[in-house]
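# Structural overview
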Amino acid sequence: MGAMDKQQSLPEDDADLRQFLRGTSFFGGLEPKIAEQVLAMLKQRRVAAGETLFSEGESGHSMYIVCEGALMVSRHCPHGTEARLQMMRPGDFFGVTALIEMEARPFGCIAEKDSVVYELTNADLYQLYKTDLKGYVLVLQNVARELCRRLRKAAVRIASLEDTLHQKERST
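An account of the accompanying structure is given in this report. Because the structure is predicted, anything quoted here is derived from the model rather than measured.

## Digging into the pairing of strand E8 (residues 108-111)
- Alignment of strand E3 (residues 52-54) against E8, held across two bridges, turns out to be antiparallel. Note that in E8 the partner of Thr52 across the bridge is Ile110.
- Relative to E8, strand E5 (residues 71-76) is paired through four bridges, and the arrangement is antiparallel. Within E8, the residue paired with Ser74 across the bridge is Gly108.

## Considering the sheet that holds E8
- The strand order across the open sheet built from four strands is E3-E8-E5-E6, with neighbouring strands paired in antiparallel fashion. Edge positions in the sheet fall to E3 and strand E6 (82-88), since each of these pairs with one other strand and no more. Strand-to-strand twist of the sheet, defined as the mean angle between neighbouring strand axes without regard to direction, takes the value 30°.

## With respect to the pattern of salt bridges
- Summed over the entire model, instances satisfying the criterion amount to seven salt bridges.
- Here Glu119 ties to Arg45 by a salt bridge, and the two come within 3.4 Å at their closest N and O atoms. On the criterion of sequence distance, the pair formed by Glu119 in strand E9 (residues 115-121) and Arg45 in strand E2 (residues 43-47) is long-range, its members being 74 residues apart. Each of the two residues, Glu119 as well as Arg45, counts as buried.
- Where Arg84 meets Glu112, a salt bridge forms, and the shortest distance between an N and an O atom there is 3.5 Å. Residue Arg84 is located in strand E6, and its partner Glu112 is located in the loop between E8 and E9; the two are separated by 28 residues in the primary sequence.
- Given a relative accessible area of 45%, Arg84 falls into the partly exposed group.
- When salt bridges with common partners are traced through the structure, they connect Glu146, Arg149 and Arg150 into a single cluster.

## Observations regarding the side chain of Asp124
- Secondary-structure assignment places Asp124 in helix H4 (residues 122-131).
- For the buried Asp124, no salt bridge exists, and the shortest N-O distance to an oppositely charged side chain is 6.1 Å, to Lys43.
- A polar atom in the side chain of Asp124 sits 3.0 Å from the backbone nitrogen of Thr121.
- In this structure Asp124 touches Met41 and Glu119, once residues within four positions along its chain are discounted.

## So, the packing of aromatic side chains
- In this structure the tally under the stated criterion is eight aromatic pairs.
- Both rings, one in Tyr129 and one in Tyr136, keep their centres 5.1 Å apart while their planes meet at 65°; by these two values the pair is edge-to-face.
- Taking relative accessible area as the criterion, Tyr129 reaches 40% and is therefore assigned partly exposed.
- Pairwise contacts between aromatic rings join Phe54, Tyr64, Phe94 and Phe107 into one cluster.

What counts as what
- In this numbering scheme, every chain counts its residues from 1 along its sequence in written order.
- Two thresholds apply to this predicted model, a pLDDT of at least 70 for residue-level local features and 80 or more for giving and counting side-chain atom pairs, whereas whole-chain, interface and lining totals are computed over all residues.
- Calculated side-chain values reflect all of the structure's heavy atoms, with hydrogen atoms and water omitted.
- Note on pairing: two strands pair once DSSP finds at least 2 bridges between them.
- Helix and strand definitions here come from DSSP, where helices need a minimum of 4 consecutive H or I residues and strands a minimum of 2 consecutive E residues; each element is numbered from the N-terminal end.
- Note on geometry: axes are C-alpha line fits, over the in-contact stretch for helices, and angles between N-to-C directions span 0 to 180 degrees.
- We define a salt bridge as a side-chain nitrogen of Lys or Arg found within 4 Å of a carboxyl oxygen belonging to Asp or Glu.
- Accessibility here uses a 1.4 Å probe with only protein chains present; expressed as a share of the type maximum, an area under 20% marks a residue as buried, one over 50% as exposed, and anything in between as partly exposed.
- When charges are tallied, Lys and Arg are placed among the positive residues and Asp and Glu among the negative ones, while His and the ends of the chain are skipped.
- Pairing of N or O atoms within 3.5 Å defines a polar contact, subject to two protein rules: one partner must be a possible hydrogen donor and the other a possible acceptor, and residues neighboring in sequence count only if both atoms are side-chain atoms.
- Two residues form a contact once any of their heavy atoms are found within 4.5 Å.
- Two aromatic rings from Phe, Tyr or Trp, using only the six-membered ring of Trp, form a pair when their centres are within 6.5 Å; if the ring planes differ by under 30 degrees the pair is stacked, by over 60 it is edge-to-face, and anything between is tilted.

Next comes the structure, spelled out in structure tokens:
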């Protein structure tokens, strides 16, 4: 049984879980009504340690918010190695490129620990667009902010790798 087979809706009576999710950057600045609308769209997925949530190159239609556990996002390198890009922990969200680009997933994701994630699909996001344009724009702003933070971090990592490469070249 894969991760796709283990979905359930967000429990309506779990105030702690709702508070946790509303405290993530994905829900930042959303009015309570909009937040509840998005919360009602989320589907819980349990992913066992070592299980693949999704693979690089797959068609993607969902993003995820981590509630429990840890998941590694990685990408295959041209020479056969794997680049471990980022560990996703409780409160992190990822997979948003699938919602925005409608392209194959640029990376894969495997659970490092037993994990619980909440899934939002592109159909859910489209439903928000149709019913609450302001809420839709705020959600996309939160996604854009997170992507900008990650781009900044990636730029620092790339610069550091380039610096290391240049130092090795000078020493040989």
